[in-house]
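Breakdown of the fold
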Number of protein chains: 2
Amino acid sequence: MAVTVVGSVAFDSLETPFGKRDRVLGGAATHFSLAASFFTDVRVVGVVGEDFGEEELSVYATRGVNTDDLERVSGARSFHWSGRYEEDLTVAHTLDTQLNVFADFDPTLSPGAAAASTLFLANIQPDLQRRVRRQCRDASIVGLDSMNYWIESARDALIETMREVDVVTLNDAELRMLTGEPNLARAARSLRDLGPRVALVKQGPYGACMFTSRGYFSIPAYPLETVIDPTGAGDSFAGGCFGYLDSLGDPDPSDDAFRAAAVYGSVMASFAVEDFGTERVQRLTDDEITARFAEFKRMMSFEEPVRARR
Amino acid sequence: MAVTVVGSVAFDSLETPFGKRDRVLGGAATHFSLAASFFTDVRVVGVVGEDFGEEELSVYATRGVNTDDLERVSGARSFHWSGRYEEDLTVAHTLDTQLNVFADFDPTLSPGAAAASTLFLANIQPDLQRRVRRQCRDASIVGLDSMNYWIESARDALIETMREVDVVTLNDAELRMLTGEPNLARAARSLRDLGPRVALVKQGPYGACMFTSRGYFSIPAYPLETVIDPTGAGDSFAGGCFGYLDSLGDPDPSDDAFRAAAVYGSVMASFAVEDFGTERVQRLTDDEITARFAEFKRMMSFEEPVRARR
């Protein structure tokens, strides 16, 4: 069992109400692969520049993430995103985006990466996602993320790609934009009508929810008193979710499996935001994950006391 | 066991993407009392004008709500609110507010209303809420709702009143405004530091959550594909919640009781928005409530499948 993730590997310069960090390791594929590595074997497919060194590679190595498909381009620089978050942390302002090597990203997967049982297409150009998806013919679980930019500029390509995946993860605003449906339940149905059997809707500080053929499942966000940096929360969510799914070794996961996966996703997202960049996940332990999973169970459980009926 | 609710009783003129209604029965105390009536005995304390007739009174009577404390002022008109909702139903624009008899509302409770075991202070001026609270000395569970208007214009009075209640229900924006804390968990802690042992936070289309000394509990919204009219959702939520709590006959409800109460609140809110004004709740049955409560349980439950550990 192994997960292959394809997406951005980047340096992020971050400014939140709790401080600043310059050029820390980031990118969707990074956050995904570190989160997924707690559950299964992971290969990261991406491209970096000469500025990407041993220090960065050691972060993946420590978590056992295979970086054979991380192409390093000489004489060029890595993708670099700079952003600033508003006080309530729900709005990010992009200060600067330097695509650099990422502008020409069009990966050919190694046989090892192409043989993955689970594939996650992080947020990149939809035609590129489709080309990668077709290189992973044997993947039994394929997930896809996207963003408002592609929904607006490459809508048809995105929809065509969505027809070839099992699970789509979008945030609620993106799902509404894609489907033109203000009502979330209708929007999720429209999305599932396109092909994906699971709509996994990220709701930021409100958590997430999932629509499948078996119905609706809602997962709260963990009620952290301090969120340091929300960057990578969605990708860590996906990493926990697909990493866990892959670890089950079931090519056709049950509804219960998808539910538990979504909770593990929320667990990983809740840790990711506790510190800048990948710092918290780098020092995370399996026991902490197990304990927080149990806390999610408690946060969502209720028993009806004996009631004095009228 | 009985609940007394004090608050607005009104006519509402409503415009949503699904249609219009002119001068339908509304007001916080109306929505609360109808929802609570499915669980326990209810008395509604309010004031109406001469335009409030048998047709309106029969709605309460059908649900067994005691209207002895509904003062009727001759030669005057009832509170009348007119509003229009935007397409996504989360934003309401007030088109007109005519306070009429409500402007001079300052109730003296009848002995029957004052003897309630549970009291709910719906959204009215905070000093008025406090005067009512002091008339209900024996109430063992006291809830309070408020709004941005009072948080801005009568903040000190509101905080003083909050010291004398057990449960505060606000929406998340109001809670942040009251406490000055953008983080919800911190905001809830600040609120509970003022006195109330339970912070019940309404989150509109995202559901609700609850902070108690025993921790955090999150309740999703029911994923309706069609929301016709959100007016009264919050008050129906409170009605289900406090009506259920009262029905238990326990002056010191357990954490489980508060959790189940919050779910019953969400059940009642989910019905309230399925039609204009009180129309859906008027034709609601106990069996429908029981079935939807079970659906909430399914929407929040998960079991971890056997996992292939690394």
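Residues numbered from 1 in each chain as written. Chains lettered and ligands numbered in written order. Predicted model: local features only at pLDDT ≥ 70, side-chain atom pairs only at ≥ 80, totals over all residues. Heavy atoms only, no water.

Digging into the nonpolar core
Which entries qualify depends on this criterion: Residues enter a nonpolar core if they are buried and are Ala, Val, Leu, Ile, Met, Phe, Trp, Tyr or Cys, with the set joined through side-chain atoms within 4.5 Å. Exposure is judged per residue with a 1.4 Å probe applied to protein chains only, and the accessible area is read against the type maximum: over 50% gives exposed, under 20% gives buried, and values in between give partly exposed. We count a stretch as a helix when DSSP gives it H or I for four or more residues in a row; a strand needs E for two or more, and each element gets its number in order from the N terminus. Contacts are assigned to residue pairs that have any heavy atoms within 4.5 Å of one another.
Counting 109 residues, the largest nonpolar core has A:Phe211, B:Phe242 and B:Ile289 as its most contacted members. By residue number, the principal contributor to this core is helix α10 (residues 255–272) of chain B, which donates 12 residues. Ignoring any residue separated from it by four or fewer positions in sequence, one finds B:Ile289 in contact with B:Phe38, B:Phe39, B:Tyr264, B:Val267, B:Met268, B:Phe271 and B:Leu284. Judged by nonpolar contacts, the second largest core, of 108 residues, contains A:Ala257, A:Ala262, A:Leu284 and B:Val101.

Things to note about the sheet that holds strand β7 (residues 92–98) of chain B
Residue and element names in this part refer to chain B. Put simply, the rule is: Paired strands, in this sense, are two strands between which DSSP finds at least two bridges. Note on geometry: axes are C-alpha line fits, over the in-contact stretch for helices, and angles between N-to-C directions span 0 to 180 degrees.
Spatial strand order, β3-β2-β6-β7: four strands in an open sheet with mixed pairing. Of all the strands in the sheet, the pair left with one neighbour each is β3 (19–26) and β7. Recorded for the sheet is a direction-independent mean angle of 15° between the axes of neighbouring strands. Relative to strand β6 (residues 79–85), strand β2 (residues 10–16) is paired through six bridges, and the arrangement is parallel. Looking at the pairing, Phe-11 lines up with His-80 of β6.

Side note on the sheet that holds strand β13 (residues 215–219) of chain B
Residue and element names in this part refer to chain B. On the basis of which strands lie adjacent, the open sheet formed by nine strands has the order β5-β4-β1-β8-β9-β10-β11-β12-β13 and mixed pairing. What marks the edges here is a single partner per strand, and that holds for β5 (70–72) and β13. For this sheet, the mean inter-axis angle between neighbouring strands, taken without regard to orientation, is 20°. Bridge count between strand β9 (residues 141–145) and strand β10 (residues 167–171): three bridges; the pairing is parallel. Bridging across to β10, Asp-145 finds its partner in Thr-169. Together, β10 and β11 (198–202) form the strand contacts of helix α7 (residues 172–179), whose direction differs from that of β10 by roughly 110°. Packing against the sheet, helix α9 (residues 233–247) makes contact with β1 (2–6), β8 (118–121), β9, β10, β11 and β12 (208–212), and its axis sits at approximately 175° to β9.

Topic: the packing of aromatic side chains
Residues and elements named next belong to chain B. We count it as follows: Pairing of aromatic rings covers Phe, Tyr and Trp, the last counted by its six-membered ring, and requires centre-to-centre distances within 6.5 Å; plane angles under 30 degrees mean stacked, over 60 mean edge-to-face, and any other angle means tilted.
Overall, the coordinates contain 33 aromatic pairs over all chains when judged by the stated rule. For the ring pair Phe-39 and Tyr-244, a centre distance of 6.3 Å and an interplane angle of 90° mean the geometry is edge-to-face. Of this pair, Phe-39 sits in the loop between α1 (28–36) and β4 (41–48) while Tyr-244 sits in helix α9; the two residues are 205 residues apart in sequence, bridging distant segments of the chain. Ring geometry for Tyr-222 against Phe-296: centres 5.9 Å apart, planes inclined by 35°, an arrangement best described as tilted. Of this pair, Tyr-222 sits in the loop between β13 and α9 while Phe-296 sits in helix α12 (residues 286–300); the two residues are 74 residues apart in sequence, bridging distant segments of the chain.

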